[in-house]
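Listed here are the chains, written in short residue letters.
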Amino acid sequence: MDTARFVTLAALAVTLLGDLPALTGSHIQSELPLVSGLGPAVSEGGADRTEGQLLLPCSALPAQPPPSSVHSVRPSDISTVAAIGALPPILPGDQQVQTDRSAVATVIGRLSELLSLFNPELSTLQLDHTHQHRSLSEQAEALALSLRSSEARPSDRGWRLILLFSGEQPCPCDTQVSPAVQSAVEQVESAVQVLHRQVPRALVSVVPWVGQTGQALGGRRCGQCEGALSAAGVRLTDAVLTRALEEALEQQLVEKQWYNDREDFTVHIQALPTGTGTDYKVGGRETPAGHDALRLALQLWTGLLQPMGEQPAMEDNDISPVVCPTKDCPFLRTHRNSFPSSPQPRSRTLHKSNATPPTPTHTPTSTQNHTTTHSSTPTVPKPLDPVLGSELHCTDHSPSDTPPTSVHYLRPGDIKVVAAIGDSLTAGNGVGANPNNILDVLKQYRGLSWSIGGDQTLNTVTTLPNLLRRFNAALTGFSVGIGNTAANAFLNQAQPGATTVDLPGQVHTLVKLMKQDQRVDFQRDWKLVTVFIGGNDLCDYCTDSIYFSPRNFMIRIQQALDILHKEVPRVFVNLVEPMHITPLRRLHQDRSLGCPTLIVNILCRCVVKPKEGSRELQTLNDLNRAYQRAVLELVDSGRYDTRDDFTVVVQPFFREVVLPLLQDGRPDRTFFTPDCFHLSQKAQSHMARSLWNNMLEPLGNKTDVQNFTTGFTLHCPSQHAPFLRTYRNSNYSYPDPDPTEPPIKDWGSDLTCKNRAPSDSPPTSAHRLRPGDVRVVAALGDSLSAGFGVRAKSILTLKTEWRGLSWSIGGDKKLETVTTLPNILKEFNPSLFGFSTGQGKANTRFNMAQSGAKAADIPEQVENLIQALKDSPEVDFDNDWKMVTLFIGGNDLCQYCLDRDTLSVQNYSQHLRDSLDLLYREVPRVFVNLLEILQIEGLRRIKDDSLGCSLLQKNMCPCFLIPGEDSLELSEIKRVNREYQMETERLVSGGRYDGREDFTVVIQPYFRNSIIPLAADGKPDLSFFSVDCFHFSERGHAEMAIALWNNMLEPVGRKQVYNNFTHNRRKIHCPSKDQPYFFTRNNSFPWRTPSTLPAINTVPLWAAMVILAAGLLIGCLTTWLLLSRKAQQRVREKERGLELPSTAL
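The structure presented is a predicted model; accordingly, all values stated were derived computationally and were not measured.

**Quick notes on helix 18 (residues 681-696)**
So, step 1. Counted at 1.5 Å a residue, the expected span for helix 18 with its 16 residues is 22 Å, and the 23 Å between its end C-alpha atoms agrees.
So, step 2. Among the 16 residues in helix 18, 16 count as buried, and that is most of the element.

As structure tokens, this is what we get:
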């Protein structure tokens, strides 16, 4: 058996058992066309691009004869994979352009790689690019023709898997999305009809798809409205449209019953997370949604194997669970084998109909044909709706005798103008929705909005304006009807998906409208403005905990209120506390409710995804409470009570939320819109009543619970307290400010870990390494690891290297005063050795870093380290466990534009590879921390007038800091920065260093998305940086050490990929009881088995050279002997020839 074939068969066998690491990289890439997805993918254009690994821990099932029914088809029975339709480009960011290899080809290629593990003879059929702009039915005709022509090949007579990516999608800017959804369904229907007529032995999997808003399939643009959508607004639109399209397709296909009239044909509807392959701008930067080509392929695979009617699982941190066929369920799922006991076809929608909440006893108030206007003309009151309407039994509705000049003497009847800012709850998304129509969630029922809607009257619609109109019929400013036109919205400036970042912009627009509209007397009218925000901040906090920190939350609200305070006279501001959001999770924990949890996973994954009892859920609760406290602290500061005609009052009715329940104890869906996320008119009626009552309750005694399960009576102004309550007319005293925290004396940390013991006996595996087992530390890198300028106070001391304070290798003092990785490790093993101390190189020990070093210098540093380890009497070279931290690349990037060839991405990767290979071959018992280079672009924001910052910063990093904004040079270096990171990850993820049990390399990615720490004024906090505004200070080094340590205790695939530089002495994580080891790839994925194929030749280089020389010498000697022997034989034969004739004579 030749070597290449042996490697290929071994690779396939190991892959089926789930052991992939040693099979990636350059070792077998050329011999493994069927499993090329295991390593770096090469596009048709030749560009090398990492798309991840296909971790498939599936065992081979016993072979079976080909089935006669499509409902018994196994993955191994599929002989052809084909696709029609299109996807938007998969590549993220500025690489999101059409390439020769389309998005569909990329995804189908990945899926084919998965299926080829079960059938190596699988073929993939892709229509050429001339068909991509045809209709779906025309593509289906072309595909059928291609399949018929391929039937001559025996390998193509098996079962076909055809993926149909739905055609042109409805644009969220369209006035009516329902007809557009129906049009998309008709396109799919016509294509399936063609396939049904012409293609036998086929399983058609329809993939409903809505790409990023503003870009439908085929590149159709939505037009002008796309710029008005925030990131959360985009997610809402995409999620709802995809869900609506999926349900409509199922209903249509179920009615036709195409999957049940033949044994050799069926149709399957995929349920996929929305936004796959798109980027959403969150936290001020482009953040991939995590659904690239690989993840989409895995989701398609999961959809093919899971029973219909189940929503696909979504895991955090971009890790998709891999589903395998089992002995009990070996088939690709169809409706029949998903519901074997069901005699009639049922769609997912029908299957879940039993869980649909009972039809409500009331009908949401329709505003489709309402005629409400902003006039004082009274309307004929309708009969009281006992659920949506309200009774107000107040006897005194009169305003003040003369308009008050003080906000503390403001009666309800004095209010002339109402306004509101906020998010989708105030915009009215889905408030009046039909409970069975998910598309209605996209409609903005602004006339029904709890705090600003003015449709109909209080008898039928309970809103704050309708309550106030009982006291002042001339009230204006409220919104009416459905939609977001100027006429509908008026002074309702809330926008779906808004976060606190959007509030200042909403306020600017609001103030401008108040000043310009003739219905508002800007100087004399009393205005009531309701502010409610925070839900989307909570929904996105896990994408960027700094950007959505409580402090930044408060700062943004402060900015909005400051504008109102500065520019608008006579204002009473209701600042509603952020809702306690975690109780809403129950709606998505009970599947019997039939809630579209998949949608909410996309809209609000930071709230829905954390598991009960998890640290993530506790973090969410803590943040929710911190937001609520931030609002109180802002107002209690007295900042907005410097004028007699302005005040801000916190209304706390949402501090606690009691979820409405049915008699059987399940959440009552009638209080929610069809997405089980937004609040219906029934719930918003409760909110309006709670807000009204809060406004009439004195400060210090306000209701702070929103109980949806109980009714309550609306309050009335009393004779003794006829005013809206403020701090002054409530006799409320603001609490004293918190005492000023003492100045920080040092950047030490407190370690709370109780179990610090090492292993009972020294481990032999790097995957069982505890902190207390590490005996030796070392570092490789540049000036950041050398401690350059850590404590510099001027440019004169900038060049000093405080190596004892270096984040990864410094050992000065103890952890309580100096936070470094060695000082943390010393708490677990006091006999730790190798760390550097003091200044300069006198006590550098195993800190091999050199200021100014580039990646090309690391191999030499490794050689020096190996020699130092062997020479040190303090080190047992063979038995001591060694931790080496490698961080390099800053100087390469900063000088890239000066020498692109030498500092290319390929050379950077090669230098890292050479360095790690040397460690791998020469040093036993090593745990390597390999850090990705940080995103240097953020340093452009760091500005200061000091000599060091203004003079030195640009010279330190000219290629990043000199180019102008939006320049091609800046775009290029940002791309190279990301490619450096990707190459670092690719080098390790291929399993190159997994061939030895006592060696591992782990990527620590906390700098992947670098965040510049901000000060209280919102500007970069210079205390983290040295005097050159480029290198880190001692505070910055302490934060780097903590981030590195915490990364080491997080599983691979779930590591934090951003830095959280905020001072907290107790934020160092501890090893858990269940996982007391540093995390590696092997112990992060328990089902993985150790590699049986060494990734790198473990023979030392010198030994290889000796063997080679010896081989050459032996070969030469052997050849010489053979040639000599043949020469002698020829001589003897010649002599014998001469002798024979003489004898004859």
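**Quick word on the sheet that holds strand 18 (residues 926-931)**
Backbone hydrogen bonds are what pair the strands of a sheet, in a parallel or an antiparallel way.
So, step 1. As summarised here, the arrangement of the 4 strands in space is 16-17-18-19, forming an open sheet in which the pairing is parallel. Both edges of this open sheet fall to strand 16 (774-781) and strand 19 (999-1004), since each of them pairs with a single strand only. Going across the sheet, the axis of each strand differs from the next one's by a mean of 20°, ignoring polarity.
So, step 2. Of the strand pairs in this sheet, strand 17 (residues 881-887) and strand 18 are connected by 5 bridges, and their pairing is parallel. Looking at the pairing, T885 lines up with N929 of strand 18.
So, step 3. Each of strand 16 and strand 17 is contacted by helix 21 (residues 858-871), which is oriented at about 155° to strand 16, the strand it contacts most.

**Topic: the sheet that holds strand 13 (residues 646-651)**
So, step 1. The sheet built from 4 strands is open, its strands ordered 10-11-12-13 with parallel pairing. This sheet does not close on itself; its edge strands, each paired only once, are strand 10 (415-422) and strand 13. Within this sheet the neighbouring strands show an average axis-to-axis angle of 20°, counted without direction.
So, step 2. Examined bridge by bridge, strand 11 (residues 526-532) and strand 12 (residues 571-576) share 5 bridges and lie parallel to one another. Residue V529 lies in a different strand from strand 12, and its bridge partner there is V573.

**Considering the side chain of R160**
So, step 1. With respect to the helices, strands and loops of the structure, R160 is situated in strand 5 (residues 159-165).
So, step 2. Residue classification places R160 among the buried residues on the basis of a relative accessible area of 4%.
So, step 3. Within the local environment of R160, its side chain forms a polar contact with the backbone oxygen of P200, the two atoms lying 3.1 Å apart.

**Concerning the packing of aromatic side chains**
So, step 1. Inspection of every chain in the model, using the stated rule, returns 29 aromatic pairs.
So, step 2. Where W1045 meets F1078, the ring centres are 5.7 Å apart and the plane angle is 90°; that geometry is what we call edge-to-face. With W1045 in helix 27 (residues 1034-1048) and F1078 in the loop between helix 27 and helix 28 (1081-1084), this residue pair connects regions lying 33 residues apart in the sequence. One exposure class covers both W1045 and F1078, and it is buried.
So, step 3. An aromatic cluster is built from W807, F887, Y1006, F1007, F1024, F1025, F1032 and F1061, whose rings are joined through pairwise contacts.
So, step 4. Cation over ring: R996 sits above Y920, and NZ or CZ is 5.2 Å from the ring centre.

The rules we used
Residues numbered from 1 in each chain as written. Predicted model: local features only at pLDDT ≥ 70, side-chain atom pairs only at ≥ 80, totals over all residues. Heavy atoms only, no water. Helix = DSSP H or I, 4+ residues; strand = E, 2+ residues; numbered from the N terminus. Expected span 1.5 Å × (residues − 1). Buried < 20%, exposed > 50% of the residue type's maximum accessible area, 1.4 Å probe, protein only. Pairing = 2+ DSSP bridges. Axes fitted to C-alpha atoms, helices over the stretch in contact; angles between N-to-C directions. Contact = heavy atoms within 4.5 Å. Polar contact = N/O pair within 3.5 Å; in protein donor to acceptor, adjacent residues only side chain to side chain. Phe/Tyr/Trp six-rings, centres within 6.5 Å; stacked < 30°, edge-to-face > 60°. Lys NZ or Arg CZ within 6 Å of the ring centre and 35° of its normal.

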